[in-house]
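Residue-level listing of the chains:
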Amino acid sequence: FAIVWRKWHILYSRINPPTMKYSIVLPLLATTVLAAPLEAPQDSCKVPTSFPTTANAKLPNPFKFFDGTDVKTKADFECKNKEVLAAIQAQELGTFPPKPSTFSATYSGGTLSFTAGEGGKSISFSVSIKGNSGSSVPAIIAYGGASIPVPAGVATITFNNDQLGQQSGGSSRGKGKFYDLYGSGHSAGALTAWAWGVDRVIDALEATTGHNIDPKRLGVTGCSRNGKGAFVAAALVKRIALGIPQESGSGGAACWRISDSEKAKGKNIQTSSQIVGENVWFSPAFNAFSTKASTLSTDHHQLAGLVAPRGLIVIENEIDWLGPVSTTACMKAGRLIYKALGVPDNMGFTGSGNHNHCSFPSNQQSDLTAFINKFLLNTSGNTANIEKGPAADVASYIDWTAPTLT
Ligand code: MCU
């Protein structure tokens, strides 16, 4: 701009008398300055609005854009994540709305509340906070209360996700505070509605004082159906430092395609065709894919990829319905994404053996502790190479190799 300005100035001085100069140049300059931000690319990623639906029984390549070009750099991968985010919202999750136009929050005596308004409607929602004495305390947002042990020094934010989006079968569609605000016909499934609530809880933490919580050191957890929710929240809400989905199974740590392959082998495993009839976790848009998951543009290894490079510890259990081979192979593929980004130890998965659903066995404790230490308590935690689950050959589900992203 400086060069253009100088050249123009010299040229203009030659052809015009000095008195006329500024009356013409200044409006021109003002137009240029005002127009510049509009002309400059707001975002260098090209995010498509339609997505490939060619059947592919293998897990989609996380290192190729939908137009076939390679993802070679970390910056490319950020763009890839934007197209994954667009596709997964369009096909599975529904639209994840941004911060609403009006928002206010309060904190008092262990209760954090917010009021959010859009289009003349508004809702209020509260969470309770415990274990937050001290200063700059990390916290875990726990869907329906934590079913993992939360260590001393980490606060628990109890998040009543069902209030935002109900989840008691098909009749819950469009019910809950999220839908009171955005309308019962909103495309978001319950998992997305809850993630929106997590995003607002963080807005509320940022907007208030007295709670002692450090909003930059937040984890999110939930078990089973709420584990699916915790995984999706970690993927959609970039301010989450550590995702801790527990026994999320299908719709969370499992890949739809691998679950279908396991089902075909005779396993009693939850698949997309079953899940859409059971509950309203996903967008109605997912119904169209439920019996042909192989046509989805993405799969759930890329849900882990959306969390990357942030912390992610996936806790599973060898219960057939959760799909232990599917979750293990899917999360192995997810770890390939972390490896490609040069941060393999920011993700792990643990879950060998079978135990009561959502009870937390002692053999997973050291893995959980390592991740909480590293990502929430800022102390040392050895999170290297945590891949615990049944035998599952990820190579048979992928036809790509992971590059080293520069
Ligand atoms: C693992 O999460 C779910 C599962 O997807 C459902 O099919 C089953 O009905 O409930 C599980 C659950 O949330 O258990 C508490």
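Description of the structure in this document. This one's a predicted model, so the numbers in the text were calculated from it and none came from an experiment. (Residues numbered from 1 in each chain as written. Predicted model: local features only at pLDDT ≥ 70, side-chain atom pairs only at ≥ 80, totals over all residues. Heavy atoms only, no water.)

Below, the discussion takes up the site of the ligand. Around the ligand, a shell composed of Ser 224, Arg 225, Lys 228, Glu 247, Ser 248, Gln 270, Glu 278, Trp 281, Trp 321, Leu 322 and His 357 is seen. At 2.8 Å, a side-chain N or O of Trp 321 approaches an oxygen atom of the ligand. Here an oxygen atom of the ligand and a side-chain polar atom of His 357 are 3.4 Å apart. Coverage of the ligand by the protein amounts to 76% of the 370 Å² it exposes when considered alone. (Near = heavy atom within 4 Å. Polar contact = N/O pair within 3.5 Å; in protein donor to acceptor, adjacent residues only side chain to side chain. Areas by Shrake-Rupley, 256 points an atom, 1.4 Å probe, with all protein chains shown as cover.)

Now for the pairing of strand 7 (residues 242–246). In summary, the side chains of a regular strand alternate between the two faces of the sheet. Counting buried positions along strand 7 yields five of five residues, so the element is predominantly enclosed. Both faces of strand 7 are covered, namely the face carrying Leu 242, Ile 244 and Gln 246 and the face carrying Gly 243 and Pro 245. Where the polypeptide runs from strand 6 (residues 213–223) across helix 7 (residues 225–236) and back to strand 7, its parallel neighbour, the crossover connection is right-handed. In the sheet, strand 7 pairs with strand 8 (residues 311–315) via three bridges, with the strands oriented parallel. Residue Gly 243 lies in a different strand from strand 8, and its bridge partner there is Leu 312. (Buried < 20%, exposed > 50% of the residue type's maximum accessible area, 1.4 Å probe, protein only. Helix = DSSP H or I, 4+ residues; strand = E, 2+ residues; numbered from the N terminus. Right-handed = clockwise from strand over helix to strand, strands pointing away. Pairing = 2+ DSSP bridges.)

Attention now moves to the environment of Gly 183. Looking at where Gly 183 falls in the secondary structure, it is placed in the loop between helix 5 (177–182) and helix 6 (190–207). Using a relative accessible area of 16% as the deciding quantity, one classes Gly 183 as buried. Sequence separation between Gly 183 and Lys 121 is 62 residues, and the spatial gap between their C-alpha atoms is 9.5 Å.

Attention now moves to the pairing of strand 2 (residues 111–118). Bridge count for strand 1 (residues 102–108) against strand 2 is seven bridges, and the pairing is antiparallel. Pairing of Phe 103 across the sheet is with Ala 116, part of strand 2. Summarising the sheet, strand 2 and strand 3 (residues 121–130) pair through eight bridges and their orientation is antiparallel. When the sheet's bridge partners are listed, Glu 118 is paired in strand 3 with Lys 121. Turn length for the strand 2-strand 3 hairpin, with the two strands adjacent in sequence and antiparallel, is two residues, and the turn residue Gly 119 shows positive phi of about 55°.

Bringing the packing of aromatic side chains into the picture now. The description of an aromatic ring pair uses the distance of the two centres, along with the angle that the planes make with each other. Under the definition given, this model contains 16 aromatic pairs. Pairing Phe 63 with Trp 400 gives two aromatic rings, centres 5.8 Å apart and planes at 75°, and the pair type is edge-to-face. Placement of Phe 63 in the loop between helix 2 (18–39) and helix 3 (74–93) and of Trp 400 in the segment after helix 12 (365–377) is noted, with a sequence separation of 337 residues between them. Exposure remark for Phe 63: the relative accessible area of 3% places this residue in the buried category. What makes Trp 400 buried here is its relative accessible area of 8%. An angle of 15° between the planes, with centres 5.9 Å apart, marks the rings of Phe 371 and Phe 375 as stacked. Note that Phe 371 and Phe 375 are positioned in helix 12 at a spacing of four residues, about one turn of the helix. Just above the ring of Phe 66 sits the side chain of Lys 80; from NZ or CZ to the centre is 4.0 Å. Cation over ring: Lys 228 sits above Trp 281, and NZ or CZ is 5.3 Å from the ring centre. (Phe/Tyr/Trp six-rings, centres within 6.5 Å; stacked < 30°, edge-to-face > 60°. Lys NZ or Arg CZ within 6 Å of the ring centre and 35° of its normal.)

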